[in-house]
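A closer look at the structure
What follows is the residue order along each chain.
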Amino acid sequence: MLHRKECQNGMRIVLEEINTVRSVTIGIWIKTGSRDETAEQNGISHFIEHMLFKGTKNRSPQEIAEAFDGIGGEINAFTSKEYTCYYAKVLDSHKELAIEILSDMLLHSTFDPIEMEREKNVVLEEINMTEDTPDDIIHDLLAEAAYKSNTLARPILGSKTTVAQLKQEDLLKYQKEHYIPSNIVVSIAGNVQDDFIKTVEHFLSINTHSSHPSKNEAEKPIFYSNHVSQTKETEQAHICLGFEGVGIEDDQIYPMMMVNNVLGGSMSSRLFQEVREKDGMAYSIFSYHSSFLDSGILTIYAGTSKHQLASVREKIDKIVQQLHSEGFTEKEWENSKEQLKGLYMLSLESTNSKMSRNARNELLLHEHPSLDDIMQKIDKVTPNDINSVLELLNTDKSASAIIAPN
């Protein structure tokens, strides 16, 4: 059972009862990420995420960690381009403690300057680690190529320069502007009843910072057919190709998911079978689709040796062009819908995934389609829908990024 409540201050709460488990997952989602930052602020959303673990008016960083270790629970967070999430998974008997601590972190973090300087070093090491991992950093390079000056082009972690110059007042100002009730969704899933909503309200329905939304409206990006390359002394060469995708609310989202699965989203996909299994030119090759509120990008990634890079690129282009011009085979058409439905159902078998699904639906879509609704939408996808999406797979209009040794 799914319960939803919009509080007087504009914050929303969604709760799904699952009485077949003994755990509860609670997530506090804020509709702000790297996309909402200025160039000078780049990385501030992610840095605030870190700092909420570094002490409140009531708890030290160690006390926050020990509180969850002491009950066998887990607490974590992540930042994306469009939202930030703080979540905890605990036994159902500890759910009140979990929401109390999460609320304390959200409302009473001190952003202590000494802790900030320590945590800056941690984030700078995180940036170093990413830069030392070419199969990670290349996806940031592709965003830079495809979106140029749009905020979607900026890395979630920020840069060493922008992170190093962040001050306490910068964090407090950004939090006041973006961590507002209308931007907050609390999502709960697990062995919990709807009266827990009152507990959540008790801890969070106070005046959560400002009630006035930020004036920074995200600009809809233009997709550019652009190329970015970087020389790095690595054992492998890494390549990413990007094609314009669709937004999360677009009617073509399910056809796009089917196209992605056929192209490179599974072990039976064309890219995996042709490039890895038949030609043995790559260990890792796959595709994925990223949806934002108003846009999306379909990405192909491959890692290969330097001397095979041109051949892999040529092979990928050939596979994409063939799919673009000829469409699905009869077998692919038969399998793709069932594959997508199976992947969707299997991805929702934990309280974490249900919490995340409900939060994204509330935060981004403002609606909660049932699984039956989604299955029907997948079943209703037509060959014309697929062909419409395939029109986006034009290699002449793709963006690309390459990291390769000299």
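Definitions and limits used
- Residues numbered from 1 in each chain as written.
- Predicted model: local features only at pLDDT ≥ 70, side-chain atom pairs only at ≥ 80, totals over all residues.
- Heavy atoms only, no water.
- Pairing = 2+ DSSP bridges.
- Helix = DSSP H or I, 4+ residues; strand = E, 2+ residues; numbered from the N terminus.
- Axes fitted to C-alpha atoms, helices over the stretch in contact; angles between N-to-C directions.
- Contact = heavy atoms within 4.5 Å.
- Polar contact = N/O pair within 3.5 Å; in protein donor to acceptor, adjacent residues only side chain to side chain.
- Buried < 20%, exposed > 50% of the residue type's maximum accessible area, 1.4 Å probe, protein only.
- Arc of directions from axis to C-beta.
- Patch = residues over 30% accessible without salt bridge, like charges linked within 9 Å, V, L, I, M, F, W, Y side chains within 5 Å.
- Areas by Shrake-Rupley, 256 points an atom, 1.4 Å probe, with all protein chains shown as cover.
- Salt bridge = Lys/Arg side-chain N within 4 Å of Asp/Glu carboxyl O.
- Lys, Arg positive; Asp, Glu negative; His and termini not counted.
- Charge placed at Lys NZ, Arg CZ, Asp CG, Glu CD.
- Parallel < 35°, antiparallel > 145°, perpendicular 65-115°, else oblique.
- Left-handed = near helix turned anticlockwise from the far one by under 90°.
- Nonpolar A, V, L, I, M, F, W, Y, C, P; charged D, E, K, R; others polar.
- Expected span 1.5 Å × (residues − 1).
- Core = buried A, V, L, I, M, F, W, Y, C linked by side-chain atoms within 4.5 Å.

Another point: the sheet that holds strand S11 (residues 399–404). The strand order across the open sheet formed by 5 strands is S7-S11-S8-S10-S9, and the pairing between neighbours is mixed. Two strands in the sheet have a free side with no partner beyond their single neighbour: strand S7 (227–231) and strand S9 (284–291). Pairs of neighbouring strands in the sheet enclose a mean axial angle of 10 degrees, with direction left out of account. With respect to the sheet, helix H9 (residues 253–263) is in contact with strand S8 (237–244), S9 and strand S10 (296–304), its orientation differing from that of S9 by roughly 175 degrees. Sheet strands touched by helix H10 (residues 270–278): S9 and S10. Its angle to S9, the strand with the most contacts, is close to 155 degrees.

Summarising the element assignment, threonine 32 is placed in the loop between strand S3 (23–30) and helix H1 (44–51). In this structure the side chain of threonine 32 is engaged in a polar contact, spanning 2.7 Å, whose partner is the side chain of tyrosine 174. With residues up to four places along the chain from it excluded, the contact list for threonine 32 reads Ser45, Glu82, Tyr83, Thr84, Tyr174, His178 and Tyr179.

Among all positions in helix H7 (residues 168–178), only Leu171, Tyr174, Gln175 and His178 are buried. All buried residues of H7 project into a common sector of 100 degrees when viewed along the axis, lining one side. Away from its buried face by more than 90 degrees, H7 exposes Lys173 and Lys176. Buried positions along H7 lie against S3, H1, helix H3 (95–108) and helix H4 (113–131).

With that settled, the discussion passes to the environment of alanine 145. With respect to the helices, strands and loops of the structure, alanine 145 is situated in helix H5 (residues 134–147). Put simply, alanine 145 and leucine 241 are 96 residues apart on the chain and 9.9 Å apart in space, counted from C-alpha to C-alpha.

On the surface, a cluster of negative charge is contributed by Glu249, Glu367, Asp372 and Asp373. Secondary-structure assignment places aspartate 372 in helix H14 (residues 371–379).

A separate point is unusual backbone geometry. In this structure, phenylalanine 111 is a non-glycine residue whose phi angle is positive, near 50 degrees. By relative accessible area, which is 1% here, phenylalanine 111 ends up buried. The backbone of histidine 366 shows a phi angle near 60 degrees, a positive value even though the residue is not glycine. Note on placement: histidine 366 falls in the loop between helix H13 (351–365) and H14.

This part is about the pattern of salt bridges. A complete count under the given rule lists 24 salt bridges for this structure. For the salt bridge of glutamate 274 with lysine 278, the shortest nitrogen-to-oxygen distance reads 3.1 Å. In this pair, glutamate 274 and lysine 278 are both assigned in helix H10, 4 residues apart and thus about one turn of the helix distant. Across the pair lysine 341 and glutamate 338 runs a salt bridge, and its minimum N-O distance is 2.9 Å. Of the two residues, lysine 341 and glutamate 338 are both situated in helix H12 (residues 330–346); the distance of 3 residues between them amounts to about one turn of the helix. Through salt bridges with shared partners, a single network forms among Arg4, Glu6, Arg12 and Glu362.

Attention now goes to the packing of H9 against helix H11 (residues 309–326). In contact at an axis separation of 11 Å, H9 and H11 are set at 135 degrees when each is read in the N-to-C sense. In terms of their interaxial angle, H9 and H11 are classed as oblique. Crossing of H9 against H11: the hand is right-handed. Along the contact surface, H9 presents Val259, Val262 and Leu263, while H11 presents Ile319, Val320 and Leu323. The residue makeup of the contact of H9 with H11, split by class, is 6 nonpolar, no polar and no charged.

Pairing in this open sheet of 6 strands is mixed, and the strands run S1-S2-S6-S3-S5-S4 from one edge to the other. Strands with a single pairing partner mark the edges of an open sheet, and in this sheet they are strand S1 (2–6) and strand S4 (74–79). Direction aside, neighbouring strands of the sheet carry axes that sit 15 degrees apart on average. Two elements, S4 and strand S5 (residues 84–91), share 6 bridges in a ladder whose sense is antiparallel. The residue bridging isoleucine 75 from the neighbouring strand is alanine 88, located in S5.

All right, on to H13 then. Residues spaced three or four apart along an α-helix point in a common direction, a consequence of the helix completing one turn every 3.6 residues. The end-to-end C-alpha distance of H13, which contains 15 residues, comes to 20 Å, matching closely the 21 Å that a straight helix rising 1.5 Å per residue would cover. Burial of H13 is extensive: 12 of the 15 residues sit out of reach of the surface. When H13 is considered as a whole, its buried residues turn out to be Thr351, Ser353, Lys354, Met355, Ser356, Arg357, Asn358, Ala359, Asn361, Glu362, Leu363 and Leu364. Count one or two residues on from H13 and you reach histidine 366, which has phi positive near 60 degrees.

Where burial is concerned, most of strand S2 (residues 12–17) is hidden: 5 out of the 6 residues are buried. Pairing of S1 with S2, which is carried by 5 bridges, proceeds in the antiparallel orientation. In the strand pairing of S2, histidine 3 is matched with leucine 15. Counted between consecutive antiparallel strands, the loop separating S1 from S2 contains 5 residues, among which glycine 10 sits at a positive phi close to 100 degrees.

In this structure, Ile26, Ile48, Tyr86, Leu171, Val186, Ile188 and Leu204 are the most contacted members of the largest nonpolar core, which totals 48 residues. Among the elements that take part in this core, H3 stands out by supplying 7 residues, more than any other. Core analysis: the next-biggest nonpolar cluster, separate from the first, contains 40 residues, Met256, Leu309, Leu340 and Met375 among them.

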